[in-house]
Amino acid sequence: MGAFSKTGNPGIHFMTFIDIVLRRPSYGWQDKSGKLVKPSHRQIFSEFFKRLNVVSDKRNWLPFMSWLKVLCMVPFLGLFIGKFFTIPLLCAAFIYSMFIMGTHGTIWHHRYCTHGAYKFRNHFWRFVTQNLTISMIPEEIYVISHHVHHAKSDKPGDPYNAEGGFLYCFLADVNHQPIATDLSESQYGRVKSLMAHTGIKANTYEQYLTWGSYQHPARATLSWILNWGFWYGTFFLLGGHALACAMFGAAGFWAVGVRTFNYEGHAKGKEKQRVGVDYNHKDKSINQLWPGIVAGEWHNNHHLYPKSARSGFKPYQLDSAWYYIKLLSMVGAVSSYHDSKELFYKRYEKPHRLANEKMS
């Protein structure tokens with residue numbers, strides 16, 4: 001990280017940054033005793049609608065845009081169900097929502113934008129990968145908060161701490177994940193350093209103070225229009241308005257469903273880890289079959305090795321995101337990647353297997 005603090009201890013500065021980089025909810029992260037604040041449903045909804053209010057504070061524009069995208073998908077979904085519905089289109093929508101959108105989220109937002117698990121050869125392949133699907137989740141909201149999630153996993157300050165309950169996680173992109181609006185210039189510089197490799201142009205510090213965000217709303221809106229225009233046109237050429245409405249409705253369905261993942265991926269705040277399946281015991285993350293199959297998201301493995309481009313380590317753990325990254329590497333589009341499979345077997349799977357053999 002480098003020696004940023006006056007004490008010369010980069011860890012102290014980093015944890016201070018992690019503590020303040022996200023916009024603190026009105027109910028706080030923890031109480032005076034250091035325990036997680038578990039807000040009531042009323043408090044959560046109050047915070048949610050307050051932070052969506054762009055009239056009272058234009059710095060709420062990014063979470064507002066995030067949910068506006070979801071609302072814009074409702075007409076497409078309605079047209080698909082009410083006018084264009086067929087079983088083949090339903091199957092196509094299911095595959096697009098569950099497999100394609102899910103895998104892309106893992107490839108782009110998770111393994112690249114947040115953890116830098118691989119590097120692109122050039123900007124062209126980065127742009128292609130970024131826009132492989134209909135754009136729904138703002139990178140800024142995902143990336144910065146996910147760094148905090150790993151630093152404070154299942155502890156107070158974790159923006160989607162499963163112990164806070166379902167709504168605490170489901171509405172976290174508005175209530176807990178946006179960056180703070182009062183960072184110093186040097187602190188905002190740290191945000192820029194965490195986002196620089198994504199290719200998204202940063203606001204100046206003065207623009208950040210005005211808009212409360214890393215990205216400028218004009219650039220975000222233009223990117224949104226171009227992405228949706230391209231994909232609607234592509235789907236229309238392939239299958240008319242019927243296919244386009246099915247795919248856009250599916251994207252909206254995924255955007256809602258993905259907001260439930262961390263609650264499920266951390267066992268709803270309970271102890272559900274299994275011996276021989278979940279090897280990371282520093283938090284409550286678990287490996288789940290469905291997210292693993294459809295999106296390559298073996299969550300306990302990921303918390304064990306967050307910077308690995310592969311999280312499906314065992315033979316049955318399919319990893320579609322890894323297959324895409326590996327394919328790009330084979331054709332020269334990805335210049336390097338981290339793969340922790342060998343380390344996983346050496347440090348965890350093999351010792352566990354040998355211990356079982358001795359006991360039997």
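Now for a description of the structure that goes with this document.

So, how was this worked out
- Residues numbered from 1 in each chain as written.
- Predicted model: local features only at pLDDT ≥ 70, side-chain atom pairs only at ≥ 80, totals over all residues.
- Heavy atoms only, no water.
- Buried < 20%, exposed > 50% of the residue type's maximum accessible area, 1.4 Å probe, protein only.
- Helix = DSSP H or I, 4+ residues; strand = E, 2+ residues; numbered from the N terminus.
- Arc of directions from axis to C-beta.
- Contact = heavy atoms within 4.5 Å.
- Polar contact = N/O pair within 3.5 Å; in protein donor to acceptor, adjacent residues only side chain to side chain.
- 1 Å grid on protein atoms, 1.4 Å probe; cavity = no way out; pocket = protein on both sides within 12 Å on 5 of 7 lines; lining within 4 Å.
- Points joined across faces, edges and corners; volume = space filled by probe spheres on them.
- Core = buried A, V, L, I, M, F, W, Y, C linked by side-chain atoms within 4.5 Å.
- Disulfide = S-S within 2.5 Å.
- Salt bridge = Lys/Arg side-chain N within 4 Å of Asp/Glu carboxyl O.
- Phe/Tyr/Trp six-rings, centres within 6.5 Å; stacked < 30°, edge-to-face > 60°.
- Lys NZ or Arg CZ within 6 Å of the ring centre and 35° of its normal.
- Axes fitted to C-alpha atoms, helices over the stretch in contact; angles between N-to-C directions.
- Parallel < 35°, antiparallel > 145°, perpendicular 65-115°, else oblique.
- Left-handed = near helix turned anticlockwise from the far one by under 90°.
- Nonpolar A, V, L, I, M, F, W, Y, C, P; charged D, E, K, R; others polar.

All buried positions along helix α5 (residues 123-130) are accounted for by Arg 126, Thr 129 and Gln 130. Across the axial projection of α5, the buried residues extend over an arc of 100 degrees, all falling on one side. Exposed residues lying more than 90 degrees from the buried face of α5 are Phe 124 and Phe 127. At its buried positions, α5 is contacted by α4 (87-114), β1 (118-120), α6 (139-151) and α15 (320-330). Sitting at the head of α5, Asn 122 places a side-chain oxygen 3.2 Å from the backbone nitrogen of Phe 124.

With that settled, the discussion passes to unusual backbone geometry. The phi torsion at Ala 267 lies on the positive side, around 60 degrees, for a residue other than glycine. With respect to the helices and strands, Ala 267 occurs in the loop between α12 (261-265) and α13 (289-295). By relative accessible area, Ala 267 is classed as buried at 1%. With a phi angle near 55 degrees, Lys 268 is a residue other than glycine that sits in the positive phi range.

The computed volume of the largest pocket comes to approximately 790 Å³. Among the elements of the structure, α4, α6, α7 (166-170), α8 (172-175), α11 (217-257), α12 and α13 are those that each provide at least two residues to the lining of the largest pocket. A per-element tally of the lining of the largest pocket places α4 first, with six residues. Its boundaries defined by the atoms lining it, the second largest pocket holds a volume of some 630 Å³. Along the wall of the second largest pocket there are 35 residues; nearest its centre are Phe 127, Gln 130, Asn 131, Glu 139 and Ser 223. Elements supplying a minimum of two residues to the lining of the second largest pocket: α3 (61-84), α4, α5 and α11. Ranked by the residues each element gives to the lining of the second largest pocket, the list is headed by α11, at ten residues.

The next thing to look at is the nonpolar core. Among the nonpolar cores identified, the biggest contains 79 residues, and Ile 134, Met 136, Ile 144, Val 191 and Phe 235 are the most heavily contacted of them. Counting residues per element, this core draws most heavily on α11, which supplies 16 residues. Apart from residues lying up to four places away in sequence, Ile 144 is in contact with Val 21, Leu 22, Ile 179, Val 191, Leu 194 and Met 195.

Here we come to the state of the cysteines. Evaluated as defined, the whole model comprises zero disulfides. Considering cysteine sulfurs only, Cys 72 is the nearest to Cys 245, which forms no disulfide, with 13 Å between them. For Cys 245, a relative accessible area of 2% puts it in the buried group.

For the structure on display, the rule yields eight salt bridges. Asp 19 serves as the salt-bridge partner of Lys 152, at 2.6 Å between the closest nitrogen and oxygen. In this pair, Lys 152 sits in the loop between α6 and α7 while Asp 19 sits in helix α1 (residues 10-20), placing the two residues 133 residues apart along the sequence. The class of Lys 152 is buried, set by a relative accessible area of 14%. When the shortest N-O distance is used, the salt bridge between Arg 59 and Asp 57 registers 3.1 Å.

With that out of the way, let us pick up helix α9 (residues 185-195). Among all positions in α9, only Tyr 188, Arg 190, Val 191, Leu 194 and Met 195 are buried. Looking down the long axis of α9, one finds its buried residues gathered within 145 degrees of arc, a one-sided arrangement. Opposite the buried face of α9, by more than 90 degrees, sit the exposed residues Glu 185 and Ser 186.

A few words now on the packing of aromatic side chains. If you walk through the whole model with that rule in mind, you get 35 aromatic pairs. Considering the side-chain rings of Tyr 118 and Phe 120, the 5.3 Å spacing of their centres and the 75 degrees angle between planes classify their relative orientation as edge-to-face. The exposure classification of Tyr 118 matches that of Phe 120, with both residues buried. Put simply, the rings of Phe 45, Phe 48, Phe 49, Trp 67, Phe 166, Phe 170 and Tyr 263 pair up and form one aromatic cluster. It is Arg 190 that lies over the ring of Phe 17; its NZ or CZ is 4.7 Å from the centre. The residue whose ring lies beneath Arg 259 is Trp 67, and the NZ or CZ to ring-centre distance is 4.4 Å.

Next up on the list: the packing of α3 against α11. Axis separation between α3 and α11 bottoms out at 11 Å; the angle between their running directions is 15 degrees. Classified by the angle between their axes, α3 and α11 sit roughly parallel to one another. Between α3 and α11 the crossing geometry is right-handed.

Mapped onto the elements, Gly 105 comes out in helix α4. On a C-alpha basis, the gap between Gly 105 and Asp 283 in space is 22 Å, while along the polypeptide they are 178 residues apart.

The contact between α4 and α5 brings their axes to 10 Å, and the two run at 125 degrees. The angle between α4 and α5 falls in the class oblique. In this structure, α4 contributes His 104, Ile 107, Trp 108 and Tyr 112 to the contact, and α5 contributes Arg 126, Thr 129 and Gln 130. The class makeup of the residues in the contact of α4 with α5 is three nonpolar, three polar and one charged.

No statement about biological role is implied by the geometric values presented.
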